[in-house]
Amino acid sequence: MTSTTSASPVGAPTGSPGRATDLLSGTRRLGPALGVIWLVFLAEPLAAALAAETPVRRGLGVAGVLGVAASFAGVCWHLQRRGRVGARTAVLVLVVQTACVVLSCVVVQEQGLMGLVFVCVTSVYFLPVAASLWLVGAGVVVQLALPRLLPGWEPADGNALVLVLAAATVYALVERLRRRREAQQQMADLAVARERERISRDMHDVLGHTLTVISVKAELAAKLLRAADLPDGSPAARAAAEVADLQGLARSALADVRGMVSGSRQVTLAGELAAARSALDAAGIAAELPGAVDEVPADRRELFAWVLREGTTNVLRHSGAARVVVTVDVDGLVVDDDGTGPAQDAPQDGEQDGERGGHGLDGLAARARAAGGLLESGPSPLGGYRLAVTVRPGAAVPGTSARIDA
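Source: prediction; values computed, not measured.

(A) View of the overall build of the protein. Scanning the protein from terminus to terminus reveals 11 helices and 5 strands. Counting over 406 residues, the protein shows a buried share of 39%. Working note: accessible area of the protein is about 21,800 Å², and carbon and sulfur atoms make up 60% of it.

Next comes the structure, spelled out in structure tokens:
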């Protein structure tokens, strides 16, 4: 059974340091409106820049003010359309905005400090809470201290109050939309969980019934063959043994289905080694398997068990191998065989074209990546096929309940 994953909302944060990587998700018209509202505060420094004495100072002042306005409008557009930024982009935007503020202050003096409001609001959008608080605090200090330290500048303490109120307002908006996004994600996860439960119940009802019938009929066939008092070693006696194995497989598959529905089914490396030895012996394939797996870290055993199960299944179904070697250490597991190798791509009986090596290996590769490891497959030194998984030292393997199609 292939696991189903819920779709994240557009722009949902995926490890970025931003506070509002999807700030405007679900409110597509809010970004431009928000930008227009805040840009009103740049009217006064823009007017002062246009009134500068010389054309050069006028051009520099207007460039600085418009640079702040354009960069902030770009921030609003980016959050509205794409919903997330990387750390390097956030730092670059803040550096550009700060440079524009400095340029405007050179021309219009204390009035140019109004641009710090946009720098601090951008930091609330992009940065974690602690970093944005530091920037807001620094902006307030600059607003209050710089006009008192530079000759000719007049204190404008009201700008500091505007800065604090703007940052607090945007932070409240960020938190509100974040909580809304979390609520929407919880609802989506609940819907997915309910659908999974429905599919599991349906599969249990249909597949469980079929497997039960197979098990009962196999048991009946085995009883009939045993009642015939067949001579040991005869083809009919061997057929009776195979029917008994068929019954055991049906029971095991039925237990897997029930365990999957209840969520209690767990693969273990020791259990898969025992199952592989039994299956390979029954198929007449010489198997060299490790006797113990105590050295393997507990958090890696489930991943290794899935790889061993897939490797054993491939050997039995596809390889035509006469010998299989399984090696296990703390960092990986390798399954080698001397069969036909990876070049044998023709589908087997009962397979659809392209089925071989598809879902099972794809699922294993995804599981290995999530564990910080690497799944590899290709030619084996034994002349057949190799399936190997390696987990880098120190990587922890998270427990998962997803199943892999074999």
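Alright, that's what it looks like, and here's the rest.
(B) Just unusual backbone geometry, in detail. Even without being a glycine, Gln-109 presents a positive backbone phi close to 60°. Its location among the elements puts Gln-109 in the loop between helix H4 (87-108) and helix H5 (115-126). Accessibility expressed as a relative area gives 30% for Gln-109, which makes it partly exposed.

(C) Inspection of helix H9 (residues 269-282) at higher detail. Compared with an ideal rise of 1.5 Å per residue, which puts 14 residues at 20 Å, H9 spans 20 Å between its outermost C-alpha atoms and is within 8% of the ideal. Phi turns positive, to about 75°, at Gly-284, one or two residues after H9.

(D) Focus on the packing of aromatic side chains. Under the defined criterion, the tally for this structure stands at 2 aromatic pairs. Geometrically, the ring pair formed by Phe-72 and Phe-118 is edge-to-face, given 5.2 Å between the ring centres and 70° between the ring planes. Here Phe-72 is found in helix H3 (residues 55-81), whereas its partner Phe-118 is found in helix H5, with 46 residues between them in sequence. As far as the burial class goes, Phe-72 and Phe-118 line up, both buried.

(E) Broad picture of the packing of H4 against H5. Relative to each other, H4 and H5 sit at 175°, their axes nearing to 9 Å. Judged on the interaxial angle alone, H5 and H4 are roughly antiparallel. Contacts between H4 and H5 pair Ala-90, Val-93, Leu-94, Gln-97, Thr-98 and Val-101 from the former with Gly-115, Leu-116, Phe-118, Val-119, Thr-122, Ser-123 and Phe-126 from the latter. Residue classes in the contact of H4 with H5 are distributed as 8 nonpolar, 5 polar and no charged.

(F) View of helix H6 (residues 129-149). Across its 21 residues, H6 extends 30 Å between first and last C-alpha, which sits within 8% of the 30 Å expected from 1.5 Å per residue. Most pronounced at Val-142, the bend in H6 amounts to some 25°.

(G) Representation of the nonpolar core in the model. The biggest cluster of nonpolar side chains holds 36 residues, and the ones touching the most others in it are Tyr-125 and Phe-126. It is H5 that contributes the most residues to this core, 9 residues altogether. Ala-276, Val-293, Leu-308 and Ala-365 belong to the second-largest nonpolar core, a separate cluster that totals 32 residues.

(H) The pattern of salt bridges, seen in detail. Under the counting rule described, the total for this entry stands at 6 salt bridges. Here Arg-148 makes a salt bridge to Asp-157, at a shortest N to O gap of 3.0 Å. For Asp-157, a relative accessible area of 37% puts it in the partly exposed group. Across the pair Arg-386 and Asp-336 runs a salt bridge, and its minimum N-O distance is 2.7 Å. With a gap of 50 residues between them, Arg-386 in strand S5 (residues 385-391) and Asp-336 in strand S3 (residues 332-337) connect regions that are remote in the sequence. Of the residues examined, Arg-386 reaches a relative accessible area of 30% and is grouped as partly exposed.

(I) Molecular detail of the sheet that holds strand S4 (residues 373-379). The strand order across the open sheet built from 5 strands is S1-S2-S3-S5-S4, with neighbouring strands paired in mixed fashion. The outermost strands of the open sheet, each flanked by one partner alone, are strand S1 (286-288) and S4. Across the sheet, the axes of successive neighbouring strands diverge by a mean angle of 10°, strand direction being ignored. Here S3 runs beside S5; their pairing, made up of 5 bridges, is antiparallel. Following the sheet pairing, Asp-336 is matched in S5 by Arg-386.

(J) Layout of the pairing of S5. In terms of burial, S5 is largely enclosed, as 5 of its 7 residues are buried. Across 7 bridges, the pairing between S4 and S5 is antiparallel. Of the residues in S5, the one forming a bridge with Gly-373 is Val-391. Between the end of S4 and the start of S5, which pair antiparallel, lie 5 residues, with Gly-383 showing a positive phi angle near 100°.

(K) Here's a closer look at the packing of H5 against H6. Running from amino to carboxyl end, H5 crosses H6 at an angle of 170°, the nearest separation of the two axes being 8 Å. As the angle between them shows, H5 and H6 are arranged roughly antiparallel. When H5 is examined against H6, the residues Leu-116, Cys-120, Ser-123 and Val-124 are found in contact with a partner set consisting of Ser-132, Leu-135, Val-136, Gly-139, Val-142 and Gln-143. Residues that form the contact of H5 with H6 fall into these classes: 6 nonpolar, 4 polar and no charged.

(L) How the structure looks around the environment of Tyr-171. As for its placement among the helices and strands, Tyr-171 is situated in helix H7 (residues 157-227). The class for Tyr-171 is partly exposed, based on a relative accessible area of 35%. Spatially, the C-alpha atoms of Tyr-171 and Ser-132 are 9.8 Å apart, while their sequence positions differ by 39 residues.

(M) Seen up close, the confidence of the model for the protein. Per-residue confidence for the protein averages 75 on the pLDDT scale, and 77% of its residues sit at or above 70. Across residues 1-29, where pLDDT falls below 50, the model places 75 contacts with residues more than four positions away in sequence or in other chains. This stretch, residues 396-406, has a pLDDT under 50; its non-local contacts, to residues over four places away or in other chains, come to 39 contacts.

What counts and how
- Residues numbered from 1 in each chain as written.
- Predicted model: local features only at pLDDT ≥ 70, side-chain atom pairs only at ≥ 80, totals over all residues.
- Heavy atoms only, no water.
- Helix = DSSP H or I, 4+ residues; strand = E, 2+ residues; numbered from the N terminus.
- Buried < 20%, exposed > 50% of the residue type's maximum accessible area, 1.4 Å probe, protein only.
- Areas by Shrake-Rupley, 256 points an atom, 1.4 Å probe, with all protein chains shown as cover.
- Expected span 1.5 Å × (residues − 1).
- Phe/Tyr/Trp six-rings, centres within 6.5 Å; stacked < 30°, edge-to-face > 60°.
- Axes fitted to C-alpha atoms, helices over the stretch in contact; angles between N-to-C directions.
- Parallel < 35°, antiparallel > 145°, perpendicular 65-115°, else oblique.
- Contact = heavy atoms within 4.5 Å.
- Nonpolar A, V, L, I, M, F, W, Y, C, P; charged D, E, K, R; others polar.
- Bend = angle between axes of the 7 residues up to and from the residue.
- Core = buried A, V, L, I, M, F, W, Y, C linked by side-chain atoms within 4.5 Å.
- Salt bridge = Lys/Arg side-chain N within 4 Å of Asp/Glu carboxyl O.
- Pairing = 2+ DSSP bridges.
- pLDDT = per-residue confidence, 0-100.

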